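Observations on chain architecture
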Amino acid sequence: MKTLFIGGVKSGKSRLAEAYILQHYPNQKPIYLATTEWLDDEMRQRIAIHQARRQEQFITVEEPVNLLAAIQNADCPVLIECVTMWLNNQLYHGKTEAEILAELEAVLQWSGDVVLVHNEVGFGIIPDNALARQFVDLSGKAAQLMGQYCDRVYFCSAGLMLAMK
């Protein structure tokens, strides 16, 4: 089963995805695949909030770049938090769009159960610089790919989730 939680920043998607995976797999301790690299104090504080919330309910694996390698031998459900930061990391490390989408598709084709968290970034205006436009376009393509493969898709806003699929 593949499930996507998508929404804006501070929409509640991470908290809802965490509750979802714990509820749907009560007899397994899921992997929490954390993709965010902390580069400044503000990001470190955001990560600390997520770490405190999940405590010992998850097996935490920190992997900012190689998603498939991090999960391919897992024998329990995996929560990927979050695809958006992973996309950012991929661009930062010089990966092409084709390479990025191919790895994401391989993750979506993996036989295990995965819950993915992704920021919806397409509601704003077209960015004024090339890198930001590249990121927004890539994020939209990744969201469409996940929407295609996922069995369930939830849009999150105001701490609530709406089933889209």
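Up top you'll find the structure we're talking about.
First things first, this report covers the structure right here in the doc. Note that this is a predicted model, so its numbers are computed, not measured.

Analysis parameters
- Residues numbered from 1 in each chain as written.
- Predicted model: local features only at pLDDT ≥ 70, side-chain atom pairs only at ≥ 80, totals over all residues.
- Heavy atoms only, no water.
- Axes fitted to C-alpha atoms, helices over the stretch in contact; angles between N-to-C directions.
- Helix = DSSP H or I, 4+ residues; strand = E, 2+ residues; numbered from the N terminus.
- Parallel < 35°, antiparallel > 145°, perpendicular 65-115°, else oblique.
- Left-handed = near helix turned anticlockwise from the far one by under 90°.
- Contact = heavy atoms within 4.5 Å.
- Salt bridge = Lys/Arg side-chain N within 4 Å of Asp/Glu carboxyl O.
- Phe/Tyr/Trp six-rings, centres within 6.5 Å; stacked < 30°, edge-to-face > 60°.
- Buried < 20%, exposed > 50% of the residue type's maximum accessible area, 1.4 Å probe, protein only.
- Pairing = 2+ DSSP bridges.

At a minimum axis separation of 10 Å, helix H4 (residues 83–92) and helix H6 (residues 130–149) run at an interaxial angle of 130°. Taken together, the axis directions place H4 and H6 in an arrangement best described as oblique. The two elements H4 and H6 meet at a crossing, and its hand is right-handed. Contacts between H4 and H6 involve Val83, Thr84, Leu87, Asn88 and Leu91 on the former and, on the latter, Gln134, Phe135, Leu138, Ser139, Ala142 and Met146.

The next subject is the pattern of salt bridges. Under the criterion given, the structure shown has 1 salt bridge. With a shortest N-O distance of 2.8 Å, lysine 141 and glutamate 97 are connected by a salt bridge. Pair noted here: lysine 141 is in helix H6 and glutamate 97 is in helix H5 (residues 97–109), with a separation of 44 residues, a long-range link.

Tallied over the entire structure, the rule returns 5 aromatic pairs. Look at phenylalanine 5 and tyrosine 20: their rings are 5.3 Å apart centre to centre, the planes differ by 65°, and that puts the pair in the edge-to-face class. One end of the pair, phenylalanine 5, is in strand S1 (residues 2–7); the other, tyrosine 20, is in helix H1 (residues 13–24), and 15 residues separate them in sequence. Residue phenylalanine 5 shares its accessibility class with tyrosine 20, and that shared class is buried. Between the aromatic rings of phenylalanine 123 and phenylalanine 155, the centroid separation amounts to 6.2 Å while the plane-to-plane angle is 65°, which identifies the pairing as edge-to-face. Of the two residues, phenylalanine 123 sits in the loop between strand S5 (114–119) and H6 while phenylalanine 155 sits in strand S6 (residues 152–157), which places them 32 residues apart along the sequence. Judged by its relative accessible area of 67%, phenylalanine 123 is exposed. Given a relative accessible area of 24%, phenylalanine 155 falls into the partly exposed group. One aromatic cluster in this structure is built from Phe5, Tyr20 and Tyr154.

Turning next to the sheet that holds strand S4 (residues 78–81). Two orientations exist for strands paired in a sheet by backbone hydrogen bonds: parallel and antiparallel. The 7 strands lie next to each other as S3-S2-S4-S5-S1-S6-S7, forming an open sheet whose pairing is mixed. On the outer flanks of this sheet lie strand S3 (59–62) and strand S7 (160–163), each paired with one strand and no other. Here the strands of the sheet are splayed against their neighbours by 20° on average, with no regard to which way each runs. Two strands pair when backbone bridges link them, and S1 and S6 are joined in this way by 5 bridges, in the parallel orientation. Residue pairing in the sheet places isoleucine 6 in a bridge with phenylalanine 155 of S6.

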